[in-house]
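Given next are the chains, with one letter for each unit.
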Amino acid sequence: MFETLSDRLDKVFTGLRGKGRLSDADIDATAREIRIALLEADVALPVVRAFIDAVKERARGADVSQALNPAQQVVKIVNEELITILGGETRRIRLAKQSPTVIMLAGLQGAGKTTLAGKLGRWLKEQGHTPLLVAADLQRPNAVNQLSIVAGQAGVDVYAPEPGNGIGNPVQVARDSIDHARRTMHDVVVVDTAGRLGIDAELMQQAADIRDVVQPDETLFVVDAMIGQDAVTTAQAFQEGVGFSGVVLTKLDGDARGGAALSVRHVTGQPIMFASTGEKLTDFDVFHPERMASRILG
Ligand code: GDP
């Protein structure tokens, strides 16, 4: 994960070792190298700019009387700015005052929504909840079946249209699922929605209609981290079309660069809440900006 960026930054820091007080020229040169490292990691340009400006400003104002030498100070500043760009604090799921809490998943097809529904189901169950996974992705023929399989693996219940009843209406399924959850004492409902390969006006409208009927407490935008900063344009389209309150990064295990992770928070203003790192239901965790920053810095 993010090997390229880690290597690059490590070289920048190594070059600073043994230096006395950093001159403005040293700081500019360091900032340039960090800029290249971030661009190579496929971080979106506005994010790179904000990051570099913050690092430069803080490096210039760094307190020379501190116990840290200049190289250590730069590492400290970069670490803190990485944490900021990744969202600062960990943001937890907001539970509704009145059950059920509704979590809606939105994103492109193949982003990992259905897998995520299973992962969230398992995780919620571990936290003491009784989740219900809802199959409102009726676009892909196998999606309902796939959701039932992951629900089975997670040991949680699933709400889906009866097989053989044709394609069904996902908005109706989503609406009914909330009443069903109330009746059956499920306290969290996870609604899986359809996604196409590209941004699609009709499906965006369908997701917005589902949002209107289920009134989610959290809408999670699910995005494949391997698409790099393309995540930003996709995120913006979903922000306009459906709106979301948090981001889930999937396939971080295959992401050597880190562009999506480092861009999406700053560009959308919404926190990264969970991270998926593999196909198994256990390859999943709450997103911790601090831990991610220290992983990048090695
Ligand atoms: P959906 O179309 O958004 O519902 O996406 P799926 O849940 O069907 O996932 C698409 C593919 O990505 C499947 O083959 C999953 O096993 C795989 N996948 C999902 N999450 C991850 C992840 O975090 N890492 C890896 N390596 N594969 C994943």
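If you're wondering where the values come from, they're calculated on a predicted model, not measured in any experiment.

K.L.:
Which residues make up the overall build of the protein, and what values go with them?
P.N.:
If you tally the helices and strands in the protein, you get eleven helices and eight strands. Counting only C-alpha atoms and orienting by the principal axes, one finds that the protein spans roughly 75 × 35 × 30 Å. Of the roughly 13600 Å² of accessible surface on the protein, 47% is carried by carbon and sulfur atoms. Separation of charge centres in the protein, based on 32 positive and 38 negative side chains, amounts to 3 Å.

K.L.:
Pulling in residues and values, what's your account of the packing of aromatic side chains?
P.N.:
Considering all chains together, one arrives at four aromatic pairs under this definition. Plain terms: the ring middles of Phe221 and Phe244 are 5.0 Å apart, the flat faces sit at 20° to each other, and that makes the pair stacked. With a gap of 23 residues between them, Phe221 in strand S5 (residues 218-224) and Phe244 in the loop between helix H9 (230-241) and strand S6 (246-250) connect regions that are remote in the sequence. Residues Phe274 and Phe284 carry aromatic rings whose centres are separated by 5.1 Å and whose planes lie at 20° to one another, so their mutual orientation is stacked. Here Phe274, found in strand S7 (residues 272-276), pairs with Phe284, found in strand S8 (residues 284-286); they are ten residues apart in sequence, far enough to count as distant. Grouped by ring-pair contacts, the aromatic residues Trp123, Phe274 and Phe284 constitute a single cluster.

K.L.:
Tell me what's going on with the confidence of the model for the protein, and back it up with residues and numbers.
P.N.:
Looking at the protein, the pLDDT average stands at 92 and 97% of residues meet or exceed 70. Reported confidence for the predicted complex is 0.99 by ipTM and 0.93 by pTM.

K.L.:
Please provide a residue-by-residue account of unusual backbone geometry, values included.
P.N.:
Backbone torsion omega between Ser99 and Pro100 reads -5°, so that peptide bond is classified as cis. One can find Pro100 in the loop between helix H4 (70-85) and strand S1 (101-106). At Gln215, a residue that is not glycine, the phi angle is positive and equals roughly 45°. In this structure Gln215 comes out as exposed when scored by relative accessible area, which is 59%. One non-glycine residue, Lys251, lies in the positive phi region at around 60°. Within the element layout of this structure, Lys251 appears in the loop between S6 and helix H10 (259-268).

K.L.:
Which residues make up the nonpolar core, and what values do they have?
P.N.:
Ile34, Phe51 and Leu249 are the most contacted members of the largest nonpolar core, which has 71 residues in total. By residue number, the principal contributor to this core is H4, which donates seven residues. Apart from the residues within four sequence positions on either side, Phe51 is in contact with Ile34, Leu38, Val78, Glu81, Leu82 and Ile85. Counting 26 residues, the second largest nonpolar core, distinct from the first, contains Ile93, Ala117, Val150 and Leu281.

K.L.:
Outline the UniProt feature "domain: SRP54-type proteins GTP-binding" (unreviewed entry) in the protein, supporting the account with residue identities and numerical values.
P.N.:
In this numbering, the UniProt entry assigns the feature "domain: SRP54-type proteins GTP-binding" (unreviewed entry) to residues 271-284. Within the segment residues 271-284, helix and strand shares are 0% and 43% respectively, and the terminal C-alpha atoms sit 16 Å apart.

What counts and what doesn't
Residues numbered from 1 in each chain as written. Predicted model: local features only at pLDDT ≥ 70, side-chain atom pairs only at ≥ 80, totals over all residues. Heavy atoms only, no water. Helix = DSSP H or I, 4+ residues; strand = E, 2+ residues; numbered from the N terminus. Areas by Shrake-Rupley, 256 points an atom, 1.4 Å probe, with all protein chains shown as cover. Lys, Arg positive; Asp, Glu negative; His and termini not counted. Charge placed at Lys NZ, Arg CZ, Asp CG, Glu CD. Phe/Tyr/Trp six-rings, centres within 6.5 Å; stacked < 30°, edge-to-face > 60°. pLDDT = per-residue confidence, 0-100. Buried < 20%, exposed > 50% of the residue type's maximum accessible area, 1.4 Å probe, protein only. Core = buried A, V, L, I, M, F, W, Y, C linked by side-chain atoms within 4.5 Å. Contact = heavy atoms within 4.5 Å. UniProt positions renumbered as here; feature names shortened; annotations may be inferred.

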